[in-house]
Every structure is written in C-alpha cells, then in structure tokens.
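# Observations on chain architecture
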Amino acid sequence: ELHLGYTSEIKKSEKEINTINQTDTTQYLEKKLNQLNERDNVVVEGKIVKISTGKLAYLVCEKCNKKATKTENGVYCDKCGEISGKQNPVLSAIINDETNETQITMFGEQALEFIETNEEEFNKNLENKSTEEILEQISKNKINKTIKLKGYVKENKFLGANEIIVKEILKN
C-alpha cells in the first residue's frame, strides 16, 4: 500500500534495485505420521517404502503454470488463454516412520529434486523410456532411503486417507 500527498510524483528510476525474495512464513510442526491432521503444515521424516505408479507428468501452461488442455490446435490454458504448454513432473511415494505409512506427492521442482534430475533430462526420459522403466529406475534408487520434508496435509479423496503435498525436501 502506498499513500501519497497531493503534491507527490511518481517517476521511473534508472537505479538498479535488488529484489527481495519472498520467504515462506508458514509455521511447520515436526510430527510423526500417526499425528497428522488435515490442513497441518508439517515437517516429517520417513523411509521410502514404495514409489506409486501412474502418470509422471501433466500438461501445464508455460505462462501461469496452471493445468492446460491439449486441443486439436495445440495447447490451451483456461486461466490465461495462453497457447503454449510444458510437461510438469508429478510423483507420489509411500513413506513409513515406524508409527504409520503416508503417501507423499511431489510436483515440479520438488519431483525433479527427488529423482535428482533437471527438466531437460526429465523430458528426454519421458520421450525415450516408458513410464514403467522410469518408475523402476526411481524405485531402485529410492526404496529404503530416508527422506525429510516440509509439506501440508490434505485428504486424498481417491485413497480416503491423508497425504502430504511436498513443499520442500530437506533431506533426500
């Protein structure tokens, strides 16, 4: 919010101003998996016991990063009308911490960080390998490894259970 008097002026400056990165001010509580409640912001640690099967990516708008639709004319974003899209990684896994098991779901950068790759390599793998081959390789590298993460708990209506949407991987 900016308040100006009647004699105030706004002029464009040629000065270079450093931007301030927005920081996550959300309060995260360290919890065990059996203590999770819907809408909790949590830090959890657990052993990866399974990599879930399913799609590894979905189409998003390159401009606003919202889900896009493939049409006969290309890609269309309902939100901003953009006509270009890209593949956004998505990956789910089951973790266990001796108290319970819970599904974690990672999107975008978190999914890429988890599988230790970049966007270019990920897209190359999607083109050259089957989903099953990629998931098998991820499983080989990640099963029985410990992960610590920040995320929020939401109900997965399909599973009928809570899951954690990963916001940041603290230990991979």
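Scope of this entry: the structure provided in the associated data block. (Residues numbered from 1 in each chain as written. Predicted model: local features only at pLDDT ≥ 70, side-chain atom pairs only at ≥ 80, totals over all residues. Heavy atoms only, no water.)

So, on to the environment of cysteine 77. Looking at the secondary structure, you find cysteine 77 in the loop between strand E5 (74–76) and strand E6 (85–96). Using a relative accessible area of 1% as the deciding quantity, one classes cysteine 77 as buried. Non-local contacts of cysteine 77, meaning those with residues more than four positions away in its chain, are made with Cys61, Cys64 and Glu82. (Helix = DSSP H or I, 4+ residues; strand = E, 2+ residues; numbered from the N terminus. Buried < 20%, exposed > 50% of the residue type's maximum accessible area, 1.4 Å probe, protein only. Contact = heavy atoms within 4.5 Å.)

As a further point, take the pairing of strand E2 (residues 41–51). Bridge count between strand E1 (residues 29–30) and E2: two bridges; the pairing is parallel. The partner of glutamate 30 across the bridge, within E2, is valine 43. Two elements, E2 and strand E8 (residues 146–156), share seven bridges in a ladder whose sense is antiparallel. What sits directly across from asparagine 41, in E8, is tyrosine 152. Across four bridges, E2 lies against E6 in antiparallel orientation. Paired with lysine 47 across the strands is asparagine 96, a residue of E6. (Pairing = 2+ DSSP bridges.)

Quick look at a negative patch on the surface now. On the surface, Glu62, Glu109, Glu113 and Glu119 cluster together to form a negatively charged patch. You can see glutamate 119 is positioned in helix H2 (residues 119–128). (Patch = residues over 30% accessible without salt bridge, like charges linked within 9 Å, V, L, I, M, F, W, Y side chains within 5 Å. Areas by Shrake-Rupley, 256 points an atom, 1.4 Å probe, with all protein chains shown as cover. Salt bridge = Lys/Arg side-chain N within 4 Å of Asp/Glu carboxyl O. Lys, Arg positive; Asp, Glu negative; His and termini not counted. Charge placed at Lys NZ, Arg CZ, Asp CG, Glu CD.)

Looking at soluble globular proteins, one finds that nonpolar side chains tend to be buried together. Membership of the largest hydrophobic core comes to 26 residues, with the highest contact counts inside it found for Leu91, Ile104, Phe114 and Ile164. Elements with a contribution of two residues or more to this core: E2, E6, strand E7 (101–107), helix H1 (108–114), helix H3 (131–142), E8 and strand E9 (161–171). In terms of residue count, E2 provides more of this core than any other element does, four residues in total. (Core = buried A, V, L, I, M, F, W, Y, C linked by side-chain atoms within 4.5 Å.)

What is shown is where atoms sit, not what they do.
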